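What the coordinates show
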Amino acid sequence: MSAGRSYRRRMRQAWLYVGPEIPEDASQTLKNALALRNSANIAGTCPECGATMALAGEPSPGVRSFVMEHEPGCPVLLTVGEP
């Protein structure tokens with residue numbers, strides 16, 4: 001894991017989700033985006049645009065990767081440098 005970043009781990013059935021902790025000093029826009037992203041990743045569906053998870057690539061033993069294609073304009077899609 002990257003230096004200077006903190007992460008929270010949550011168990012959901014047999015899955016482990018590792019997501020970013022929401023910094024207290026972040027802008028409200030970033031806090032909202034990270035909260036929505038964490039919620040979407042845990043629930044499997046984005047509460048804003050309805051995107052769902054899909055298996056990414058070929059699974060390897062004991063490891064699965066997923067992608068979630070959000071709709072354009074979904075608030076979880078912040079770009080680097082946005083407030």
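Here goes a summary of the coordinates provided. (Residues numbered from 1 in each chain as written. Predicted model: local features only at pLDDT ≥ 70, side-chain atom pairs only at ≥ 80, totals over all residues. Heavy atoms only, no water.)

**Focus on a nonpolar patch on the surface**
Applied cut-off: Nonpolar side chains (Val, Leu, Ile, Met, Phe, Trp, Tyr) are joined into patches within 5 Å and like charges within 9 Å, using only residues with over 30% relative accessible area and no salt bridge. Here, Shrake-Rupley sampling with a 1.4 Å probe gives the accessible areas, and only protein chains in the shown set may cover a residue. Only one rule defines a salt bridge in this text: a Lys or Arg side-chain nitrogen within 4 Å of an Asp or Glu carboxyl oxygen. Note on conventions: DSSP H or I runs of at least 4 residues are helices, E runs of at least 2 residues are strands, and numbering of each starts at the N terminus.
Together, Met-53, Leu-55 and Phe-66 give the surface a local cluster of nonpolar side chains, amounting to about 250 Å² of exposed area. Inspection of the secondary structure assignment puts Met-53 in strand β3 (residues 53-55).

**Quick look at helix α1 (residues 28-43)**
Put simply, the test is: Under the convention used throughout, the expected extent of a helix is 1.5 Å for every residue step, that is, one less than its residue count. Accessibility here uses a 1.4 Å probe with only protein chains present; expressed as a share of the type maximum, an area under 20% marks a residue as buried, one over 50% as exposed, and anything in between as partly exposed.
The terminal C-alpha atoms of α1 lie 22 Å apart, and with 16 residues this matches the ideal 22 Å at 1.5 Å per residue to within 8%. Of all the positions in α1, only Ala-33, Leu-34, Leu-36, Asn-38 and Ala-40 are classed as buried. Within two residues after α1, Gly-44 carries a phi angle of roughly 90 degrees, on the positive side.

**Remarks on the nonpolar core**
Our working definition: Among buried residues, the Ala, Val, Leu, Ile, Met, Phe, Trp, Tyr and Cys ones that are joined through side-chain atoms within 4.5 Å form a nonpolar core. Residue contacts are defined here by distance: any two heavy atoms, one from each residue, within 4.5 Å place the two residues in contact.
Residues Leu-36, Ala-40, Cys-46, Ala-51, Met-68, Cys-74 and Val-76 constitute the largest nonpolar core, which totals seven residues. Beyond its immediate stretch of four places on either side in the chain, Leu-36 contacts Pro-47, Glu-48, Pro-75 and Val-76.

**Concerning the environment of Pro-23**
Looking at the element boundaries, Pro-23 is found in the loop between β2 (15-20) and α1. Judged by relative accessible area, which is 33%, Pro-23 ranks as partly exposed. Remark: the alpha-carbon pair of Pro-23 and Leu-34, spanning 11 residues in sequence, is separated by 9.5 Å. Residue contacts for Pro-23: discarding those within four places in its chain leaves Lys-31 and Leu-34.

**Digging into the side chain of His-70**
Its place among the elements puts His-70 in the segment after β4 (66-68). Apart from the residues lying within four places of it in its own chain, the contact partners of His-70 are Ala-40, Cys-46, Cys-49, Ala-51, Val-76 and Leu-77.

**Observations concerning the environment of Gly-50**
Among the structural elements, Gly-50 can be located in the loop between α1 and β3. Residue Gly-50 is classed as partly exposed on the basis of its relative accessible area of 41%. Between the C-alpha atom of Gly-50 and that of Cys-74, which follows or precedes it by 24 residues, the distance is 9.6 Å.

From the geometry alone we can't say anything about function, so treat these as descriptive.
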